[in-house]
Amino acid sequence: MCGFLAVDSKEFSLKTFDEALAKNEDRGPDMTRVFDEKGITFGFNRLAIMDLSDTGMQPFECLDCTLVCNGEIYNYPELKQNLETDYRFTSGSDCEVLIPLYRKYGIDTMVKMLDGEFAFVLYDHKSGKVYAARDIIGIRPMFYGFTKKEGKLAFASTGKTLLDLCDEIHPFLPGHYYDGAKGKFVEYHAPDLVSKMATDDFDQSTRTIRDLLIKAVDKRLASDAPVGYLLSGGLDSSLVCSIADRLLPEDAKIRTFAIGMDKNPIDLKYAREVADYLGSDHTEFIMTRDDVLKSLREVIYTLETWDITTIRASIGMYILCKRIHETTDLKVIMTGECSDELFGYKYTDFAPSAEEFQKEAAKRLRELYMYDVLRADRCISANSLEGRVPFADRDFAEYVMSIDPDLKMNHYHKGKYLLRKAFAEGDWLPEDILMREKAAFSDAVGHSMVDDLKEYADGKYTDADLASAKDKYPYCTPFTKESLLYRDIFEEYFPGKADWIKDFWMPNRSWDSLKGVNDPSARVLSNYGASGK
């Protein structure tokens, strides 16, 4: 990951700018550069992934433009070939294609040509206008705000970077760009957009799912820095690891990592089984109640959220990534996020119809940037690593969303059946892993982790404290002592910014079977069953 700050104003001293930029220094510890250009100041913290030399450092300057980008452009070889007759490339960075692409096609066509994960800000010296854009899913983060005195635009990788510069701060929505010439935000692609539903039957759907996921992993193997893999032993991360293992040379061992509580961890035994099956170089880490509670404040500051399930799931992931950073030379991490939104959670087993299943998947995709994608980005990048998410691949996600939703419903007494069947032939995984019931990461590291958090919160707050939460926090009022604990910590760091998150992540309680659900954990669902074993 990298981190950036771009401010279209001269109202701040360079010292104030540098202090703000330093708040996302952990995203890019390799090199920092600040560049002042005709009224707009750019700052960039680099984590070197593609072209490790100084020539890959940003901001990029060419063709009367300046640009900073946190991203990976996976189709940059094809784009580069398109542009080489008009522009001489000087680095091996995939992001160098962005300025010449903008010059040739303009912002609207340019962003629609990109296959990747990105957030960028571009200043056109000729027009004096600023442009910015974020990828469709929101894999790479970006916030914007209006400077305190002049009300000028500022953009940054994280909300905290803008706190000292702007009063009004908002997430930059995925699938949008900012057109400085028109002074407005434009939606160029909705995350859940399906221009045409597929008519593929079950067998054709599984074949296409397999082919596209293999391509998605293959794209994300390109790196000049070493790559590692988060392996929970669940279906999604195990498939990513298995595919990568097949794509790499025979003598190459992938490096896999897992974490669990010191008391009854669920995931560790399954992760070890997959690692043994693939012959990976596998590392296990153990965390304790003390580790969990000590990291809580740091995790909430890193995440910039108060959401219950995001915080729960982030603690294990944050500690895991921290230990990877401390003990290895890895810079890139492959993960299995974004599969649930496409193929279903445990709770979507209760979807009353194919129409409702599709609506729920669309909602989850639109909101990914506030929940699982936010978790993955912050936990990984805060530890100076870059996350790559094959299931969020544009072609893959668009195809899965186009499949007849009735095929994705649980008619088979097994969730995510389409995905499982896509890899049923070819010995990709042991049968018990391929058919393992889903267990949420916050539960599967060990049930004791969430129990410890709830117990800690119960010891800090009274029933009266919880009852008065509605007066203290009228927006998205905390409804448990645990959620009140998280909100209080969030407000210490980000006072008045609770609207960065729209709501608590919860199962769809409008469905009859879920009306009584009051916790985001799948443990409260009637179909949890073997997930906890």
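It should be noted that the structure appears before, not after, this text.
A brief structural summary.

1. A closer look at the overall build of the chain
Right, on to step 1. Of the regular secondary structure elements, the chain holds 21 helices and 17 strands.
Right, on to step 2. Taken over the C-alpha trace, the chain has a radius of gyration of 23 Å; the compact-globule value for 533 residues is 24 Å, and the two agree within 12%.
Right, on to step 3. A burial count over the chain gives 62% of its 533 residues as buried.
Right, on to step 4. Look at the contacts in the chain between residues 6 or more apart in sequence, and 72% of them connect residues 24 or more apart.

2. Things to note about helix α18 (residues 447-460)
Right, on to step 1. Given a rise of 1.5 Å per residue, 14 residues ought to cover 20 Å, and the 21 Å separating the end C-alpha atoms of α18 matches this to within 8%.
Right, on to step 2. The set of residues buried in α18 consists of S448, M449, V450, D452, L453 and A457.

3. Here's the deal with the sheet that holds strand β10 (residues 166-171)
Right, on to step 1. One open sheet holds the six strands; their spatial order is β2-β3-β1-β9-β8-β10, and the pairing between them is antiparallel. At either end of the open sheet lies a strand with only one pairing partner, and these are β2 (31-37) and β10. Each neighbouring strand pair of the sheet contributes to a mean axis angle of 15°, computed without reference to strand direction.
Right, on to step 2. With three bridges connecting them, strand β1 (residues 3-7) and strand β9 (residues 153-156) associate as antiparallel partners. Note on β9: the bridge partner recorded for L5 is A156.

4. Re the pairing of β2
The side chains of a regular strand alternate between both faces of the sheet.
Right, on to step 1. Alignment of β2 against strand β3 (residues 40-46), held across seven bridges, turns out to be antiparallel. Looking across to β3, one finds that V34 is bridged to G43.
Right, on to step 2. In textbook terms, the turn of a hairpin is the stretch between consecutive antiparallel strands, and for β2 and β3 this stretch comprises two residues, one of which, K38, has a positive phi near 45°.

5. Considerations on the sheet that holds strand β4 (residues 60-62)
Right, on to step 1. With respect to topology, six strands assemble into an open sheet ordered β4-β5-β6-β7-β11-β12, the strand pairing being antiparallel. Of all the strands in the sheet, the pair left with one neighbour each is β4 and β12 (184-187). Averaged over all pairs of adjacent strands, the angle between strand axes in this sheet comes to 20°, irrespective of strand direction.
Right, on to step 2. Alignment of strand β6 (residues 116-124) against strand β7 (residues 129-134), held across six bridges, turns out to be antiparallel. By the bridge assignment for β7, D124 is matched with K129.
Right, on to step 3. Docked against the sheet, helix α3 (residues 98-105) engages β4, β5 (65-73), β6 and β7, running at close to 115° with respect to β5.

6. Digging into the packing of helix α5 (residues 202-219) against helix α13 (residues 394-402)
Right, on to step 1. Here α5 crosses α13 at 160°, and the two axes come no closer than 8 Å. As summarised for this structure, α5 and α13 are arranged roughly antiparallel, according to the angle between their axes. At the point where α5 passes α13, the crossing takes the left-handed sense. Here α5 contributes Q204, S205, T208, I209, L212, L213 and K219 to the contact with α13, which in turn contributes D395, F396, Y399 and V400.
Right, on to step 2. Each residue belonging to the contact of α5 with α13 can be placed in one class, and the counts come to six nonpolar, three polar and two charged.

7. Section: the pattern of salt bridges
Right, on to step 1. In this structure the tally under the stated criterion is 49 salt bridges.
Right, on to step 2. Across the salt bridge formed by K219 and D393, the nearest N and O atoms sit 2.8 Å from each other. Placement of K219 in helix α5 and of D393 in the loop between β17 (386-388) and α13 is noted, with a sequence separation of 174 residues between them.
Right, on to step 3. By relative accessible area, D393 is classed as buried at 2%.

8. As for the packing of helix α8 (residues 289-303) against helix α9 (residues 308-327)
Right, on to step 1. Running from amino to carboxyl end, α8 crosses α9 at an angle of 100°, the nearest separation of the two axes being 9 Å. Judged by the angle between their axes, α8 and α9 are roughly perpendicular. For the pair α8 and α9, the contacting residues are D291, V292, S295, L296, E298, V299, I300, T302 and L303 in the first and T310, I311, S314, I315, Y318, I319, K322 and R323 in the second.
Right, on to step 2. By residue class, the composition of the contact of α8 with α9 is nine nonpolar, four polar and four charged.

9. A closer look at the packing of aromatic side chains
Right, on to step 1. The full count for this structure, using the stated rule, is 30 aromatic pairs.
Right, on to step 2. Taken together, a centroid distance of 6.1 Å and an interplanar angle of 50° make the contact between F343 and F396 tilted. In this pair, F343 is assigned in helix α10 (residues 339-343) and F396 in helix α13, connecting sequence segments 53 residues apart.
Right, on to step 3. Clustering of aromatic rings is evident, with ring pairs tying together F143, Y301, F490, Y493, F494 and W500.
Right, on to step 4. The ring of W428 carries the charged tip of R246 above its face, separated from the ring centre by 4.0 Å.

10. Some remarks on α8
Right, on to step 1. In this model, α8 (15 residues) spans 20 Å end to end at C-alpha, consistent with the 21 Å of a helix rising 1.5 Å per residue.
Right, on to step 2. The sharpest bend along α8 comes to roughly 45°, located at L296.
Right, on to step 3. Every buried residue of α8 is accounted for by V292, L293, S295, L296, V299, I300, T302 and L303.
Right, on to step 4. Packed against the buried residues of α8 are β14 (255-261), β15 (281-287), α9, α12 (372-381), α18 and α21 (481-493).
Right, on to step 5. Just downstream of α8 lies E304, where phi reads positive at about 65°.

11. Remarks on the state of the cysteines
Right, on to step 1. One pass over the full model with this rule turns up zero disulfides.
Right, on to step 2. Not part of a disulfide, C379 finds its nearest cysteine sulfur in C321, a span of 6.3 Å.

12. Comments concerning unusual backbone geometry
Right, on to step 1. For C338, which is not glycine, the phi torsion reads 85° and is therefore positive.
Right, on to step 2. Counting through the fold element by element, C338 comes out in the loop between β16 (332-334) and α10.
Right, on to step 3. Here C338 falls in the buried class, since its relative accessible area comes to 4%.

13. A short note on empty space enclosed by the protein
The method is simple in principle: a probe with the dimensions of a water molecule rolls over the atoms, and the space it marks as empty is what remains.
Right, on to step 1. All told, the structure shown has eight cavities of 30 Å³ or more when counted by the stated rule.
Right, on to step 2. The space that makes up the second largest cavity amounts to roughly 170 Å³.
Right, on to step 3. As for the second largest cavity, its lining consists of 20 residues, and the residues nearest its centre are G116, I136, I137, A392 and R394.
Right, on to step 4. Residue assignment for the lining of the second largest cavity shows that the elements contributing at least two residues are β6 and α13.

14. A word on the pairing of β14
Right, on to step 1. Across the seven residues that make up β14, a large majority, six, are buried.
Right, on to step 2. Taken together, the two bridges between strand β13 (residues 227-230) and β14 define a ladder with parallel strand orientation. From the neighbouring strand, L230 faces β14, where its bridge partner is F257.
Right, on to step 3. In the classification by handedness, the crossover that spans β13, the intervening helix α6 (residues 235-247) and the parallel β14 is right-handed.
Right, on to step 4. As paired elements, β14 and β15 share seven bridges and run parallel to each other. Note on β15: the bridge partner recorded for F257 is T283.
Right, on to step 5. Handedness of the crossover joining β14 and β15 through helix α7 (residues 267-278): right-handed.

Parameters and conventions
- Residues numbered from 1 in each chain as written.
- Predicted model: local features only at pLDDT ≥ 70, side-chain atom pairs only at ≥ 80, totals over all residues.
- Heavy atoms only, no water.
- Helix = DSSP H or I, 4+ residues; strand = E, 2+ residues; numbered from the N terminus.
- Rg over C-alpha atoms; globule rule 2.2 N^0.38 Å.
- Buried < 20%, exposed > 50% of the residue type's maximum accessible area, 1.4 Å probe, protein only.
- Contact = heavy atoms within 4.5 Å.
- Expected span 1.5 Å × (residues − 1).
- Pairing = 2+ DSSP bridges.
- Axes fitted to C-alpha atoms, helices over the stretch in contact; angles between N-to-C directions.
- Parallel < 35°, antiparallel > 145°, perpendicular 65-115°, else oblique.
- Left-handed = near helix turned anticlockwise from the far one by under 90°.
- Nonpolar A, V, L, I, M, F, W, Y, C, P; charged D, E, K, R; others polar.
- Salt bridge = Lys/Arg side-chain N within 4 Å of Asp/Glu carboxyl O.
- Phe/Tyr/Trp six-rings, centres within 6.5 Å; stacked < 30°, edge-to-face > 60°.
- Lys NZ or Arg CZ within 6 Å of the ring centre and 35° of its normal.
- Bend = angle between axes of the 7 residues up to and from the residue.
- Disulfide = S-S within 2.5 Å.
- 1 Å grid on protein atoms, 1.4 Å probe; cavity = no way out; pocket = protein on both sides within 12 Å on 5 of 7 lines; lining within 4 Å.
- Points joined across faces, edges and corners; volume = space filled by probe spheres on them.
- Right-handed = clockwise from strand over helix to strand, strands pointing away.

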